[in-house]
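# Results of the structural survey
What follows is each chain in one-letter form.
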Amino acid sequence: MPRADPTARADPAVLAWASAAVRHTARVTNMLLAARRFRIVGGDPRDAAVLHDLLTGLGARPADDATGVDQLWCLGTPEESVTAVEQATADRPRGSTLLVIDVGRHVPAVDEDAFGPTALARPGVLGVPTTSDDVFLVSTGRDPEDDPAAEARIRWARRSMPVSRAVADDLRQGGLLRGTRIGVSLFLEPKTAVLALLLQDAGAEVVAYAHADETDDAVADVLRRTGIPVHASSTASVSEQRDLALAMLDTRPHVLVDDGSHVIRLVHQERPDLLPTMLGAAEETTSGLRPLRLMASRGQLGIPVVAVNDARTKTFFDNRYGTGQSTVFAALDLLDDLDTTVRPAVPVGRGSAVVAGYGHVGEGVALVLRALGFRVTVADPDPVRALQALFAGYAVAPLTEAVRDADLVMSASGVPDTISLAVLRACAPGTVVAVAGGVDQEVALDDAVAAGAVRTQIARKVERVSVPDGPHVLLLDGGGCINITAAEGNPIEIMDLSFAAQLGAVRMLVERGDELERAVVPIDPEVDAVTARAALDVFGTVVEPPGSPVGTTWLAAQPVDRAPSDVRTRRFGDPA
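Report on the accompanying structure.

### Re helix α1 (residues 12-29)
For α1, with 18 residues, the first-to-last C-alpha span of 25 Å sits near the 26 Å given by 1.5 Å per residue. Within α1, 13 of the 18 residues are buried, leaving the element largely enclosed by the surrounding structure. Its side-chain oxygen placed 2.9 Å from the backbone nitrogen of Ala-13, Asp-11 serves as the N-cap of α1. Asn-30 lies just past α1 and shows a positive phi near 55°.

Here you go:
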C-alpha cells in the first residue's frame, strides 16, 4: 500500500523530472495511469524510486512475473530495454497493448532501431509492427509530431475501448438500433468519434453536435467522410452554435446522448414539438443532471432522461480517476508551455494547491496533486465532504482563506461562481486558477469584469486577470473545463467505461423508453455489472463469476433493491 504522501521526501528536481515524463506519456497516448501494471527497467535506483512512488500514488500497480505488464518505464540502457520487451511479449495475449516508455534522464534508454521499422500510431507514439502489433514506443524526450492525424487517433482510441466495442457488438447482432436516429452531443474528439461509429455500425442513424470549444475539426471531418452529419465548428460564435444545435435537433433524433444537458434543455426551449416523438435522452454529467432534476420536480421534463452520470462505472471512475488525471495534467502542461518570462512559480514537489469542492471530481484532483508533491488544501461548504477530506489527510479551510498562499487553485465543484470575486481578491498575486468542474462561470468572470477587472491574453489559453482591490491571477483557458478545452479529455480507458454505460442507456431507451417516467431515471444496475466485469477482464483481474455460490450469497446479502423474505431476528435464538 502506498504511503499517505508518497512524494513527501522526494528530491523536488527528480520529482519534477518524473512528473514531466508521466504527463508527457499521458498526453501523447491519452491513456490512464491508474490500475495499469508497470515495471521500471534499470536506471539510478533513486530516480526509479521516485518514479515508482509517483506512479503508485496515481493508482498504477507494480507488475510481477505472474501478472504481466502494461507499461515498461525504461531508465537504464537500451540493451536492458530490449531484454525487458522480449520478456514482456513472450506468450502475450494478442490485442494487449504494451507501452515501452523511454524516460532516460540524460541519454536515451530505448534504441528504437532495435525493434525494426517504426510506424506512426498517433502523434508521439510509434508502432513497431515487425516486433508486435501490440508494442508501442513513447519517448519522453521527443516532441510529438505536429500533425492532427485524426484517423490515427481514432484507430488508437478504438483499440483501447474493448468494453464499448463489446456492448455495441451485442446491439449490432440484436438489430435493436436499426432505424433509430441518435443525436450525439459530446466533446468531439477521437473517443466520441469511436462511440458515434460504434452506434453507426450497430445500425443507428447518427447525427452529431459539439460546442465550439469542444470541437476537434479534424475529427469532425473524419466523421463526415463516414456519412455521419456533424453540426460543429471550432470557430462558431455563440449564435452560430445555437443554429448548429438546432440543425441537429431538426433531424428529429429519437434519442439524445448529451454532456451538460445543454441540448436536452434546448429541445425543451426551442423545439418542444419534437418531445412526443423522442424516446428519451442520456446525460453524462453531474452538472447536467442538476437542472434536469429541477425541471422534473416542476413537471417540465418532457422525456425520460437516463442518469448515466450516476452509473457506478461512470461516476466512480470517470469523475475521480479520469478527470483527476486529465485536468491536473492539462493545467500543468499549459504552464510548462509558457515562456519563462511569464511562467508562474507552480513548483511540482513543493508547491501549494487548493481544491474547491470535494465530490468525486475533487477527490481525484486532490489525489493527483498530492501524488505530484503539492501541499493540498480542500475547501467545501458541505461539512460532511470537508470532514471526508480531513480524514483523507488533506488540510481543510474556507476557500477565501485557503487561496491566500496558494500557487494553484482548481475548482472542482461544477457550481457557478465557486471562484467568486471575493475569492479572486483573496488570491495571492500570480496564483494560477483552473477549472475541473466544467460549468459556465465557475470562475465568476462576469462579476469580475463588471467590477472593473482587466483580462489580458499572455499566451495560448492563458490570460492575466487583474482584479480591482485585489491581485492579478493567471486564468487558464477562460475558466473552461481545462481537460476538454485545452487537452484531449479523459483517458481512453475511462471513456470506454462511460460510453459503455451510455450504450446501456441507449438500449434502455430504445427497448422501453415509452414506458419510462418523464423524469431523471436511474440506469439499470445490470449495465454496471456487465461493464465492470468486462473491464476487470481487460485489466487482467478475476472476480467471482456470475452465479457462483460465493458471489450469489454475498450479493444477495447486499441491500441493493432487495427485500429479504424473512425479516425476523435470530440474534436471540430461532424465532417461534
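### Structural notes on a negative patch on the surface
Together, Glu-79, Glu-80, Asp-111 and Asp-113 make up a negatively charged patch on the protein surface. Checked against the element boundaries, Glu-79 lands in helix α3 (residues 78-89).

### Considering the pairing of strand β5 (residues 119-122)
In this structure, β5 lies alongside strand β6 (residues 125-128), joined through three bridges in antiparallel fashion. Bridge pairing in β6 places Leu-120 opposite Leu-126. Connecting β5 to the antiparallel partner β6 that follows it, the hairpin turn spans two residues, and Gly-124 within it adopts a positive phi of roughly 95°.

### Quick word on the packing of helix α11 (residues 312-336) against helix α18 (residues 492-512)
The description of two packed helices rests on the angle between their axes and on the distance between the axes. Axis separation between α11 and α18 bottoms out at 9 Å; the angle between their running directions is 150°. As summarised for this structure, α11 and α18 are arranged roughly antiparallel, according to the angle between their axes. For the crossing formed where α11 meets α18, the hand is left-handed. Across from Thr-313, Lys-314, Phe-317, Asp-318, Tyr-321 and Gly-322 in α11, the residues of α18 making contact are Ile-494, Met-495, Leu-497, Ser-498 and Ala-501. Considered class by class, the residues forming the contact of α11 with α18 number six nonpolar, three polar and two charged.

### Brief notes about the side chain of Asp-496
Position of Asp-496 relative to the elements: it lies in helix α18. A polar side-chain atom of Asp-496 sits 2.7 Å from the main-chain amide nitrogen of Ser-164. In contact with Asp-496, not counting residues within four places along its chain, are Ser-160, Met-161, Pro-162, Val-163 and Ser-164.

### Digging into the sheet that holds strand β16 (residues 395-396)
Strand order in the open sheet made by the eight strands is β16-β15-β14-β17-β18-β21-β20-β19, with mixed pairing throughout. Where the open sheet ends on each side, the last strands, each with one partner, are β16 and β19 (454-459). By the bridge criterion, four bridges tie strand β14 (residues 352-356) to strand β17 (residues 408-411) in an arrangement that is parallel. Each residue of the ladder has a partner; that of Ala-356, found in β17, is Ser-411. Strands in contact with α11 are β17, β18 (432-435) and β21 (472-476); relative to β21, the strand with the most contacts, it is inclined by about 120°. Where helix α12 (residues 360-371) meets the sheet, it contacts β14, β15 (375-379) and β17, and its direction lies at approximately 170° from that of β14.

### Quick word on the environment of Leu-338
Checked against the element boundaries, Leu-338 lands in the loop between α11 and β14. For Leu-338, a relative accessible area of 4% puts it in the buried group. Residues Leu-338 and Ala-459, spaced 121 residues apart in sequence, show a C-alpha to C-alpha distance of 6.8 Å.

### Digging into the pattern of salt bridges
With the rule as written, the count across this model stands at 34 salt bridges. With a closest N to O distance of 2.7 Å, Lys-191 and Glu-189 form a salt bridge. The salt bridge involving Arg-512 is made with Asp-524; its shortest N-O contact spans 2.6 Å. Within this pair, whereas Arg-512 is found in helix α18, its partner Asp-524 is found in the loop between β22 (520-521) and α19 (525-538), the two being separated by twelve residues in sequence. Since its relative accessible area comes to 25%, Arg-512 is described here as partly exposed.

### Describing the environment of Ser-287
You can see Ser-287 is positioned in helix α10 (residues 286-297). Looking at Ser-287, the relative accessible area reads 19%, which means it is buried. Along the chain, Ser-287 and Gly-260 lie 27 residues apart, while their C-alpha atoms are 6.1 Å from each other. Beyond its immediate chain neighbours, meaning those up to four positions away, Ser-287 contacts Gly-414 and Val-439.

### Observations concerning the side chain of Gln-71
The residue Gln-71 is located in strand β3 (residues 71-74) in this model. Apart from the residues lying within four places of it in its own chain, the contact partners of Gln-71 are Leu-32, Leu-33, Arg-36, Arg-37, Phe-38, Arg-39, Leu-98, Leu-99 and Ile-101.

The rules we used
- Residues numbered from 1 in each chain as written.
- Predicted model: local features only at pLDDT ≥ 70, side-chain atom pairs only at ≥ 80, totals over all residues.
- Heavy atoms only, no water.
- Helix = DSSP H or I, 4+ residues; strand = E, 2+ residues; numbered from the N terminus.
- Expected span 1.5 Å × (residues − 1).
- Buried < 20%, exposed > 50% of the residue type's maximum accessible area, 1.4 Å probe, protein only.
- Polar contact = N/O pair within 3.5 Å; in protein donor to acceptor, adjacent residues only side chain to side chain.
- Patch = residues over 30% accessible without salt bridge, like charges linked within 9 Å, V, L, I, M, F, W, Y side chains within 5 Å.
- Areas by Shrake-Rupley, 256 points an atom, 1.4 Å probe, with all protein chains shown as cover.
- Salt bridge = Lys/Arg side-chain N within 4 Å of Asp/Glu carboxyl O.
- Lys, Arg positive; Asp, Glu negative; His and termini not counted.
- Charge placed at Lys NZ, Arg CZ, Asp CG, Glu CD.
- Pairing = 2+ DSSP bridges.
- Axes fitted to C-alpha atoms, helices over the stretch in contact; angles between N-to-C directions.
- Parallel < 35°, antiparallel > 145°, perpendicular 65-115°, else oblique.
- Left-handed = near helix turned anticlockwise from the far one by under 90°.
- Contact = heavy atoms within 4.5 Å.
- Nonpolar A, V, L, I, M, F, W, Y, C, P; charged D, E, K, R; others polar.

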